[in-house]
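A closer look at the structure
Single-letter residue listing:
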Amino acid sequence: MNATTSNTTAMPLPGLLQSPHFAQLGGEAAVVQLVDAFYRHMDTRADTGVIRAMHASDLASTKVVLVRFLCEWLGGPKAYSAQHGHPRLRMRHAAFAIGAPERDAWLACMDAALADVGAEPALHTALMASFFKTADFMRNTGPNPAPPATLPTSTVTKESP
């Protein structure tokens, strides 16, 4: 039986549980460039007016949060969770109508931003596949929206003998 006490800190195994994408992209400096490019595309593309309107006119604080989130999501420092807790992306975006056009506009901006920062082709492809899964999960309008997020009904887990 392996019981974990509340004062035990989980330690990931080096190189086994962490995504290498953060380092492959170029670390935090590259993520900052990615986020700047992403919002530059959002400000200039004709198909992004609806998703741009979901943001404040001043993107400074939004960029900081997205940099923290992406750094952690890519396998880098855990600053997002330390400051904001669990991402709860569906909950945080529930107030916005997100359908296939909004998903696709967001993905187009990220695809262009990855190209702008010179992401290696294999990394670009892998990240876009992951971004698609996340962006598609955010859909809450239109045909076949992603199912609503639900909280587990119980936090009790059974231990195997």
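All of these numbers come straight from a predicted model, not from anything done at the bench.

Focus: the nonpolar core
- Residues Leu25, Val31, Phe38, Leu70, Met110, Leu114 and Phe131 are the most contacted members of the largest nonpolar core, which totals 31 residues.
- Taken together, the elements giving at least two residues each to this core come down to helix H1 (21–25), helix H2 (27–44), helix H4 (60–73), helix H7 (100–116) and helix H8 (121–137).
- It is H2 that provides the largest number of residues to this core, a total of eight residues.
- Not counting residues up to four positions away in its chain, the partners in contact with Leu70 are Val31, Leu34, Val35, Met110 and Phe131.

Quick notes on the pattern of salt bridges
- On inspection of all chains with the given rule, the structure shows seven salt bridges.
- Of the charged contacts, one joins Asp104 and Arg103 as a salt bridge, the two residues approaching to 2.8 Å between their closest N and O atoms.
- Relative accessible area serves as the criterion here: at 38%, Asp104 is assigned to the partly exposed category.

Scoring rules and cut-offs
- Residues numbered from 1 in each chain as written.
- Predicted model: local features only at pLDDT ≥ 70, side-chain atom pairs only at ≥ 80, totals over all residues.
- Heavy atoms only, no water.
- Core = buried A, V, L, I, M, F, W, Y, C linked by side-chain atoms within 4.5 Å.
- Buried < 20%, exposed > 50% of the residue type's maximum accessible area, 1.4 Å probe, protein only.
- Helix = DSSP H or I, 4+ residues; strand = E, 2+ residues; numbered from the N terminus.
- Contact = heavy atoms within 4.5 Å.
- Salt bridge = Lys/Arg side-chain N within 4 Å of Asp/Glu carboxyl O.

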